[in-house]
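Tertiary structure, described
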Amino acid sequence: KMKRATKELEADSPSSPLLTHEHKSDWKRWWILLMFSLSSFLQCMVWFTFSSMPDAVKEYYGPHMDNATINLLLNWGPIIFIPVLPYVSWFQTKKNGLLFCYWKAVLLTFFGTIIRLVPCWLPEDMRKSEYSFIFLHFGQILNAASGPLVGATCTRLSVMWFPETQRGTATAIAYTANSLGTPVGFLLAPAIVRSANDFPMYLYIEAAMAAMPIIGGIIYYRDRPVVLPSPAAAIQVQQQQHSF
């Protein structure tokens, strides 16, 4: 099927250098995969923050922080995933779509972690009021919007950066990284938060960790390598040129 699709595309664009150019793997693909996986891992860990230690959360934010509120902070993930997913499915097919999806994902998660810190800077009586929870919900919503940006682009990243022999491995690593956020959060949160007063420290640690893929992306992150790794990647680039 791939050969047939390649021949059809060559017939439509006989002078295209993308399909006739020699394909080669770029060693920087592993850095791209590392940064992408890190951003996906952190998105899941941040999403699960308040559910990883509900007792400390209730004590720190006061009596208005009940199970229903903690559950809603968690449920923003699937709630926001539904409307954002169609946009991501369309946007990643545009020129530099994979690059923009990465930057939107890491910035949404980072700013979400920063906004969640606002109640920590307020006096205790204000922090324990229901109005301060607005910042918690808004931060969780921003991070939730990052979910489809990392969850729905794994296969495209593996196609654009990896040869056929490594594509399955790259996809598996990218997908698994997100799932690791939950168990790591379960282990890390109780180790750091010994009492309710330690909870802000955990939020600061997550915010610092959320900055790591931003720094890594500044060092190097691209939509695709200069030399494409496979004919499948070349087809994807051609389709970008003809997409609406």
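Rules used in this analysis
Here the residue numbers are simple positions, counted from 1 along each chain's written sequence. Local features in a predicted model are, by the rule used here, given only for residues with pLDDT of at least 70; side-chain atom pairs are given and counted only at 80 or more, and totals for whole chains, interfaces and linings are based on all residues. The side-chain values count all of the structure's non-hydrogen atoms but skip hydrogen atoms and water molecules. By the criteria applied, helices consist of DSSP H or I runs no shorter than four residues and strands consist of E runs no shorter than two, each listed in order from the N terminus. Here, expected helix span is obtained from the residue count minus one, scaled by 1.5 Å. Two axes are fitted around each residue, one to the seven residues ending there and one to the seven starting there, and the angle between them is reported as the bend at that residue. Buried residues are those whose accessible area, probed at 1.4 Å on protein chains only, stays under 20% of the maximum for their type, while exposed residues exceed 50% and partly exposed ones sit between those limits. Residue contacts are counted whenever heavy atoms from the two residues lie within 4.5 Å of one another. Interaxial angles span 0 to 180 degrees and are taken between N-to-C directions of axes, which are lines fitted to C-alpha atoms, for helices over the stretch in contact. When residues are sorted by character, Ala, Val, Leu, Ile, Met, Phe, Trp, Tyr, Cys and Pro go into the nonpolar class, Asp, Glu, Lys and Arg into the charged class, and all the rest, Gly among them, into the polar class.

1. Focus: helix 5 (residues 67–91)
Since there are 3.6 residues in each turn of an α-helix, residues three or four apart along the chain are aligned in direction. Taking 1.5 Å of rise per residue, the 25 residues of helix 5 would be expected to cover 36 Å, and the 36 Å separating its terminal C-alpha atoms lies within 8% of that figure. Its maximal kink placed at Ile 82, helix 5 deviates by approximately 40°, while the proline Pro 83 follows within four residues. All of the buried residues along helix 5 are Thr 69, Ile 70, Leu 73, Leu 74, Trp 76, Gly 77, Ile 80, Val 84, Val 88 and Phe 91. Residues of helix 5 that are buried sit in contact with helix 3 (29–47), helix 4 (54–61), helix 6 (97–115) and helix 8 (133–151).

2. Section: the packing of helix 5 against helix 6
Helix packing geometry: the angle between the two helix axes and the distance between the axes. Remark: helix 5 packs on helix 6, axes separated minimally by 9 Å, with the N-to-C direction vectors making an angle of 145°. Across from Tyr 87, Val 88 and Phe 91 in helix 5, the residues of helix 6 making contact are Gly 97, Phe 100, Cys 101 and Lys 104. For the contact of helix 5 with helix 6, the per-class residue count stands at five nonpolar, one polar and one charged.

3. Describing the environment of Ala 233
Among the structural elements, Ala 233 can be located in helix 13 (residues 231–242). With 72 residues separating them in the primary sequence, Ala 233 and Trp 161 have C-alpha atoms 7.7 Å apart. Discounting chain neighbours no more than four positions away, the residues touching Ala 233 are Val 159, Met 160 and Leu 228.

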